[in-house]
Amino acid sequence: MFEENIATSQRLLTEAFGAGNLDLVDEFCSDDFVGHDPLLGDTDRAASKQSIADYRAAFPDLAFTIDDIFAADDKVVYRWTGQGTFKNPLMGIEPTGESGDPVSGITIDRYEDGKIVESWTHWDALGLMRNMGVVGEGAATA
């Protein structure tokens, strides 16, 4: 069971978020899925798919690496790194054409009956904003 859940979480990150296969969200997440994200708040499955599509549109070459992963009880925990080139607008922010530094995060997926029912992600949203030129050295001055 642990191995199956680990494989599912890996595929969800690398193939859905990283490669744009949004059908995997429906396949791997329960109908009543809730995602907890520091930037987006709580999202259901449909909103999570839209979020993935929005990030993929903004960063068409977005790719993820899983740095560590393990499972215990009904949860899979993984530390990841993502990077892509900011080529299209996101959240009203115009693209810079830059990749910036990789952004890292940690996700905990909770499983019931072989499906992810809840996911908590804490990630470097400030690092993403720096890469997008919203804050820090690359930020436009008002």
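Since we're looking at a predicted model, the values are computed, not measured.

**Q** Describe the packing of aromatic side chains, listing the residues and the values that go with them.
**A** Ring pairs (aromatic) are described by centroid distance and by the angle formed between their planes. Applying the stated criterion to the full structure yields five aromatic pairs. The interplanar angle of 85° and the centroid separation of 6.4 Å between the aromatic rings of Tyr55 and Trp123 together place this pair among those described as edge-to-face. Of this pair, Tyr55 sits in helix 3 (residues 45–58) while Trp123 sits in strand 6 (residues 115–123); the two residues are 68 residues apart in sequence, bridging distant segments of the chain. An identical accessibility class is assigned to Tyr55 and Trp123; each is buried. Judged by centre distance (5.4 Å) and plane angle (75°), the ring pair of Phe64 and Trp80 falls under edge-to-face. Linking Phe64 in strand 3 (residues 63–72) with Trp80 in strand 4 (residues 75–83), this pair joins segments that are 16 residues apart in sequence. By relative accessible area, which is 15% here, Phe64 ends up buried. Through a chain of ring-to-ring contacts, the aromatic side chains of Phe17, Tyr55, Phe64, Trp80 and Trp123 assemble into a single cluster.

**Q** If you had to explain the pattern of salt bridges to someone new, which residues and values would you point to?
**A** One pass over the full model with this rule turns up nine salt bridges. The salt bridge involving Arg110 is made with Glu118; its shortest N-O contact spans 3.2 Å. The burial state of Arg110 is the same as that of Glu118; both residues are buried. A cluster of three or more residues bridged by salt bridges with shared partners is formed by Asp26, Asp31, Arg45 and Lys49.

**Q** Give me a nonpolar patch on the surface: which residues, what numbers.
**A** There is a patch of nonpolar side chains on the surface, built from Leu39, Leu40 and Met91 and spanning about 250 Å² of accessible area. Following the sequence through the fold, Met91 ends up in the loop between strand 4 and strand 5 (103–112).

**Q** So what's going on with the pairing of strand 4? Residues and values would help.
**A** When strand 3 meets strand 4, the two strands line up antiparallel, connected through nine bridges. Paired with Ala72 across the two strands is Lys75, which belongs to strand 4. In textbook terms, the turn of a hairpin is the stretch between consecutive antiparallel strands, and for strand 3 and strand 4 this stretch comprises two residues, one of which, Asp73, has a positive phi near 50°. Direction of pairing for strand 4 relative to strand 5: antiparallel, over a ladder of eight bridges. Residue pairing across strands places Lys75 opposite Arg110, the latter belonging to strand 5.

The rules behind the values
Residues numbered from 1 in each chain as written. Predicted model: local features only at pLDDT ≥ 70, side-chain atom pairs only at ≥ 80, totals over all residues. Heavy atoms only, no water. Phe/Tyr/Trp six-rings, centres within 6.5 Å; stacked < 30°, edge-to-face > 60°. Helix = DSSP H or I, 4+ residues; strand = E, 2+ residues; numbered from the N terminus. Buried < 20%, exposed > 50% of the residue type's maximum accessible area, 1.4 Å probe, protein only. Salt bridge = Lys/Arg side-chain N within 4 Å of Asp/Glu carboxyl O. Patch = residues over 30% accessible without salt bridge, like charges linked within 9 Å, V, L, I, M, F, W, Y side chains within 5 Å. Areas by Shrake-Rupley, 256 points an atom, 1.4 Å probe, with all protein chains shown as cover. Pairing = 2+ DSSP bridges.

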